[in-house]
Amino acid sequence: MENATRFASSAVHVSASASAGEVIIKVVDDGPGIPEAALHAALVRGVQLDSKGGGNGLGLAIVSDIVEAYGGRLEMANANSGLAVTIHLPWHA
């Protein structure tokens, strides 16, 4: 959420849904996105891809670790404008 608000041009959209035994949380901003070749690097601890500063390159790596610890997965993709981060978590009813 912090990254999305920092890089958004004007809007951040957050949604959540449940489907087929999982909870899906999606955060989409309308900022510049991340170059395709650097998407994987954004999940590596200590890697900072931005020049805006203020971060330490840990946020997305920590989120990814937490999601994986709960048996989920994190996906990142450039949206029409900006970046879309989708978290899939197993839903145990």
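Because the structure is predicted, anything quoted here is derived from the model rather than measured. (Residues numbered from 1 in each chain as written. Predicted model: local features only at pLDDT ≥ 70, side-chain atom pairs only at ≥ 80, totals over all residues. Heavy atoms only, no water.)

K.L.:
Can you explain the environment of P32? Please cite residues and give values.
P.N.:
If you trace the backbone, P32 turns up in the loop between strand 2 (22-29) and helix 2 (59-69). When the C-alpha atoms of P32 and L83 are compared, they prove to be 7.4 Å apart, with 51 residues separating the residues in sequence. Beyond its immediate chain neighbours, meaning those up to four positions away, P32 contacts F7 and G82. (Helix = DSSP H or I, 4+ residues; strand = E, 2+ residues; numbered from the N terminus. Contact = heavy atoms within 4.5 Å.)

K.L.:
I'd like a rundown of the pairing of strand 2, residues and numbers included.
P.N.:
Here eight bridges tie strand 1 (residues 12-19) to strand 2, and the two strands are oriented antiparallel to one another. Counted as the bridge partner of S15 is K26 from strand 2. Between strand 1 and strand 2, which pair antiparallel one after the other, the connecting turn spans two residues, and A20 there sits at a positive phi close to 45°. In the sheet, strand 2 pairs with strand 4 (residues 83-90) via seven bridges, with the strands oriented antiparallel. In the strand pairing of strand 4, I25 is matched with I87. (Pairing = 2+ DSSP bridges.)

K.L.:
Please provide a residue-by-residue account of the side chain of H88, values included.
P.N.:
Tracing the backbone shows H88 in strand 4. Side-chain polar atoms of H88 contact the side chain of E75, separated by 3.3 Å. Apart from residues lying up to four places away in sequence, H88 is in contact with E22, V23, I24, V67, G72, R73 and E75. (Polar contact = N/O pair within 3.5 Å; in protein donor to acceptor, adjacent residues only side chain to side chain.)

K.L.:
Tell me what's going on with unusual backbone geometry, and back it up with residues and numbers.
P.N.:
Notably, A20 is not glycine yet its phi reads approximately 45°, a positive angle. Mapped onto the elements, A20 comes out in the loop between strand 1 and strand 2. Look at A20 and you get exposed, because its relative accessible area is 81%. (Buried < 20%, exposed > 50% of the residue type's maximum accessible area, 1.4 Å probe, protein only.)

K.L.:
Describe the nonpolar core, naming the residues involved and giving the relevant values.
P.N.:
In terms of nonpolar packing, the biggest core is built from eleven residues, these being I34, A38, L39, A42, L60, V67, L74, M76, L83, V85 and I87. Residue assignment for this core shows that the elements contributing at least two residues are helix 2, strand 3 (73-78) and strand 4. (Core = buried A, V, L, I, M, F, W, Y, C linked by side-chain atoms within 4.5 Å.)

K.L.:
Please provide a residue-by-residue account of the sheet that holds strand 1, values included.
P.N.:
Strand order in this open sheet of four strands is 1-2-4-3, and the pairing throughout is antiparallel. Only two strands of the sheet have a single partner each, and these edge strands are strand 1 and strand 3. Ignoring strand direction, the axes of neighbouring strands in this sheet form an average angle of 15°. Across the sheet, helix 2 is in contact with strand 3 and strand 4; its angle to strand 3 comes to roughly 140°. (Axes fitted to C-alpha atoms, helices over the stretch in contact; angles between N-to-C directions.)

K.L.:
Now, about the pattern of salt bridges: what can you tell me, with residues and values included?
P.N.:
For the coordinates displayed, the defined rule picks out four salt bridges. Close ionic contact of E2 with R6 constitutes a salt bridge, the shortest N to O distance being 3.9 Å. Of the two residues, E2 and R6 both sit in helix 1 (residues 2-7), four residues apart, roughly one turn of that helix. Judged by relative accessible area, E2 falls into the exposed class, the value being 56%. Residues participating in the shared-partner salt-bridge network are E22, R73 and E75. (Salt bridge = Lys/Arg side-chain N within 4 Å of Asp/Glu carboxyl O.)

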